[in-house]
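# Close look at the chain arrangement
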Amino acid sequence: SPLYLSFSLSLSLSPGEIYKYHDVTHIGLTDLPSRLPTQSSTLYANNLSKLFLSMGKDNVHQVDLEDEVVRGSIITKEGSLLWPPPPVEPSPVAPKPVTGSAVVKPPEPSPFKDTLVSSLGYTTGLSTLVGLGATAPNPAFTTMCTTFGLAGICGYHTVWGVTPALHSPLMSVTNAISGITAVGGLLVMGGSYFPSNSVEVLAGLAALVSFINVFGGFVITQRMLDMFKRPTDPPEYNLLYGIPALAFLGGYAYAAAHNMADIHQMAYFASSLCCLGALGGLSSQSTARVGNALGMIGVSGGVAATVGLLNPSTEVLTQMGATALIGGGIGATIAKSVEITSLPQLVALFHSFVGVAACLTCIATYMHDFPHLAELSNAAVLKTAIMLGTYIGGVTVTGSLVAYGKLDGKLDSAPLLLPGRHALNLGLLLANMGAMGYFYNAASLGAGVGALSAITLGSGVMGYTLTAAIGGADMPVVITVLNSYSGWALCAEGFMLNNSLMTIVGSLIGSSGAILSYIMCKAMNRSLPNVILGGFGTSSTGGGKPMAIEGTATEIDTDGVASALVNAKNVIVVPGTCSIVSPSLLSRFLSLSLTLSFPLSLLPPSLSLCLQVTVCVQPVPSIPLLRSLNYSMKTVLKCDLASTPWQVECQAS
């Protein structure tokens, strides 16, 4: 839909007069409504006269009944009733010649085959669960698997009904909730007012970047939701959701102070339910703000329950509080300071913080538990979780940074199609698997940390090569996939630290992100492997003939564009499939700087857009209308395409 930019000028008009001033016609008529009947009658008479004149040739009136228009206009002729006219037979369409190979008929449905495939799928799933139960090292592992499975099912069913316009806020709130990785950092933190060793330093850094993600993510979500507010909407009282938050945190603090041992796990359960409610709340406009509030309550309750469970000393508690305040201040400042059109890429940037926190926490946990790792009955489970958390975290870090760079224009949005990139990615995967095998059998702390460092580096390179090979238009799907990755990394931390909150929230985010990725790919008529593999199967990688460009292109240079805009009565700017940026297009003619940008990457063009319009006009002596104009305007339009056209009015000074 077009965006109309108009400029209202304060000029004095003489009532009832029409005159010209500086080649501009000023119409001061005050009786325009009374002139409309005459005008409409004239137009109608003109149409009828043209119809009668068309019934003839060379100024000779002739009724040609073979003419469809004439035949449909004749009621009687020579006393015979000709109405209604016979129906017009459609022109026969010549069948298109079949070229190439014959049309392949779809295979006949096979109920037996379909049922067999479904049966084998259930067989595989149930056999896997039985195998995990048979090899479980302790009851805690089976309990954690139960928690993981049930939470994954909840996340799977939560996002199917999400409104497409809320895909971006949903990704933002899940990104904020994934900041539960702060719990992993808090569980390993120690020392005094400052960390006392490298393990505690890594844990503190993990908590710091997690809090940046938490605070910044919720602020981004709120700003995205504010884009949908209309002037006619009723007032909001979201601060009232502070009442259940205070009741939850206050009740937990009272129970923890009185040494009620079971309150910690129940607080974890309540926080998990709030996080689940956040995902469900973002499924519709009416509950989106409630969902954001529930997400804040859930993360706050989870952090509070972790601190209460640890019962740290005053010095360590001060260190934790300072970490949360510093990280939260950084995240909130960044989220509030960026332009609203940069929020989608900021979500991608914050995704990388989750990956950083996962890698740091996994390495710190391994260093912390290594002295007594051989004595643990679940050592194999612990090592597997550490490896997976490190690997997924590394992919998430670099993949998110590349997605941010492409969306923000810092990197070329075109796919980086390296020669043999699929073989390269396969080689990186095998190299990471080799490093995992070495880590699993590492006999010393140095060897284990070196293997984890190699996994981090290898997965980071793999995240870059995978994401760089994907074009900028597919970055929205990439962000949802990375969002899912961050959830699985959080799950790995939950198994590693035997923390139910991290497992539940990670499973919710991982499964919901995977389903959201599938939904977005389905809407684009693409498959998820096609997107993730970076143009796999397109003309850039296949041997087929590329699509031919048909039609005639009309070229126009900068001077032609400027001249057309100067002579135009109305200028309509139609947003296309990418940002329109022309800061100096008309500088030599109008000194006009016009910039349009909007998060089309994450907000479908058929839904809501946010346009940032900056217009600056300076005096131009060669154009009479602009001799005395000198004004500037900068505004952010918050519109829905259903209410178009939009009009921006500027008063001249």
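Residues numbered from 1 in each chain as written. Predicted model: local features only at pLDDT ≥ 70, side-chain atom pairs only at ≥ 80, totals over all residues. Heavy atoms only, no water.

Quick look at the overall build of the protein chain now. Looking only at helices and strands, one finds 19 helices and 13 strands in the protein chain. By the burial criterion, 41% of the 653 residues in the protein chain qualify as buried. The long-range fraction of contacts in the protein chain, counting pairs at least 24 apart against all pairs at least 6 apart in sequence, stands at 71%. Counting only carbon and sulfur atoms, one obtains 64% of the accessible surface of the protein chain, whose full area is about 35300 Å². (Helix = DSSP H or I, 4+ residues; strand = E, 2+ residues; numbered from the N terminus. Buried < 20%, exposed > 50% of the residue type's maximum accessible area, 1.4 Å probe, protein only. Contact = heavy atoms within 4.5 Å. Areas by Shrake-Rupley, 256 points an atom, 1.4 Å probe, with all protein chains shown as cover.)

Together, Asp64, Glu66, Asp67 and Glu68 make up a region of like negative charge exposed at the surface. Inspection of the secondary structure puts Glu68 in helix α2 (residues 68-73). Its relative accessible area of 54% is what places Glu68 among the exposed residues. (Patch = residues over 30% accessible without salt bridge, like charges linked within 9 Å, V, L, I, M, F, W, Y side chains within 5 Å. Salt bridge = Lys/Arg side-chain N within 4 Å of Asp/Glu carboxyl O. Lys, Arg positive; Asp, Glu negative; His and termini not counted. Charge placed at Lys NZ, Arg CZ, Asp CG, Glu CD.)

This part covers the pairing of strand β3 (residues 24-27). Of the pairings in the sheet, the one linking strand β2 (residues 18-21) to β3 comprises four bridges and is antiparallel in character. Across the sheet, the residue bridging to Tyr19 is His26, located in β3. Counting the residues that bridge the hairpin from β2 to β3 gives two residues, and of these His22 lies at a positive phi of roughly 55°. (Pairing = 2+ DSSP bridges.)

On to the packing of aromatic side chains. In the structure shown here, the tally under the stated rule is eight aromatic pairs. Their ring planes at 70° and their centres at 6.1 Å tell us that Phe148 and Phe495 sit as a pair that is edge-to-face. Taken together, the residues span a long stretch of sequence, with Phe148 in helix α4 (residues 139-158) and Phe495 in helix α16 (residues 475-497) at a distance of 347 residues. Take Phe148: its relative accessible area is 31%, and that puts it in the partly exposed class. Joined through ring pairs, the aromatic side chains of Phe141, Phe148, Trp488 and Phe495 make up one cluster. The ring of Tyr440 carries the charged tip of Lys383 above its face, separated from the ring centre by 5.6 Å. (Phe/Tyr/Trp six-rings, centres within 6.5 Å; stacked < 30°, edge-to-face > 60°. Lys NZ or Arg CZ within 6 Å of the ring centre and 35° of its normal.)

Now for the side chain of Thr158. The topology assignment puts Thr158 in helix α4. At a separation of 2.5 Å, a polar atom in the side chain of Thr158 contacts the main-chain carbonyl oxygen of Cys154. Non-local contacts of Thr158, meaning those with residues more than four positions away in its chain, are made with Leu276, Leu279 and Gly280. (Polar contact = N/O pair within 3.5 Å; in protein donor to acceptor, adjacent residues only side chain to side chain.)

On to the packing of helix α12 (residues 343-369) against helix α15 (residues 445-468). Axis angle and axis distance: for two packed helices, these are the angle between their axes and the distance between the axes, and together they describe the pair. Viewed as axis vectors pointing N to C, α12 and α15 meet at an angle of 170°, and their least axial separation amounts to 10 Å. Here α15 runs roughly antiparallel to α12, going by the angle between their axes. On α15, the residues touching Cys359, Ile363, Tyr366 and Met367 of α12 are Leu445, Gly448, Val449, Leu452 and Thr456. Of the residues assigned to the contact of α12 with α15, the class counts are seven nonpolar, two polar and no charged. (Axes fitted to C-alpha atoms, helices over the stretch in contact; angles between N-to-C directions. Parallel < 35°, antiparallel > 145°, perpendicular 65-115°, else oblique. Nonpolar A, V, L, I, M, F, W, Y, C, P; charged D, E, K, R; others polar.)

The next subject is a nonpolar patch on the surface. Nonpolar side chains collect at one region of the surface, where Tyr122, Leu126, Leu129 and Leu132 lie side by side and expose about 450 Å² of accessible area between them. Along the chain, the position of Leu126 falls in helix α3 (residues 111-135). By relative accessible area, which is 56% here, Leu126 ends up exposed.

The next subject is α16. Look at α16: 33 Å from first C-alpha to last across 23 residues, which is about the 33 Å you get at 1.5 Å a residue. Counting buried residues in α16 gives 20 out of 23 residues, a clear majority hidden from the surface. Two residues or fewer after α16 comes Asn498, characterised by a positive phi angle close to 55°. (Expected span 1.5 Å × (residues − 1).)

Once that is clear, we can look at helix α8 (residues 242-257). The terminal C-alpha atoms of α8 lie 22 Å apart, and with 16 residues this matches the ideal 22 Å at 1.5 Å per residue to within 8%. Those residues of α8 hidden inside the fold are in contact with α9 (263-281) and α10 (288-310). Where α8 ends, the next residue or the one after it, Asn259, has phi of about 60°, a positive value.

Most peptide bonds take the trans form, and the phi angle of most residues other than glycine is negative. Look at the link from Trp83 to Pro84: it is a cis peptide, with omega at 0°. Position of Pro84 among the secondary structure elements: in the loop between β7 (80-81) and α3. The residue Glu78 is not glycine, and still its phi comes out positive at about 50°. The residue Glu78 is located in the loop between β6 (76-77) and β7 in this model. Of note, Asn311 is a non-glycine position whose phi angle comes to about 50°, a positive value.

This part is about the pattern of salt bridges. Close approach of charged atoms allows side chains with opposite charge to pair. In this structure the tally under the stated criterion is two salt bridges. We note a salt bridge from Arg289 to Glu236, for which the minimum N-O separation is 2.7 Å. With a gap of 53 residues between them, Arg289 in helix α10 and Glu236 in the loop between α7 (198-226) and α8 connect regions that are remote in the sequence. Residue Asp408 pairs with Lys410 through a salt bridge whose shortest N-O separation is 2.2 Å. Of the residues examined, Lys410 reaches a relative accessible area of 55% and is grouped as exposed.

Before going further, it helps to examine the packing of α7 against helix α11 (residues 314-337). Axis separation between α7 and α11 bottoms out at 7 Å; the angle between their running directions is 35°. Where α7 crosses over α11, the handedness of that crossing is right-handed. On α11, the residues touching Gly204, Ala207, Leu208, Phe211, Ile212, Phe215, Gly216, Val219, Ile220 and Arg223 of α7 are Thr323, Ala324, Ile326, Gly327, Gly328, Ile330, Gly331, Ala332, Ala335, Lys336 and Ser337. (Left-handed = near helix turned anticlockwise from the far one by under 90°.)

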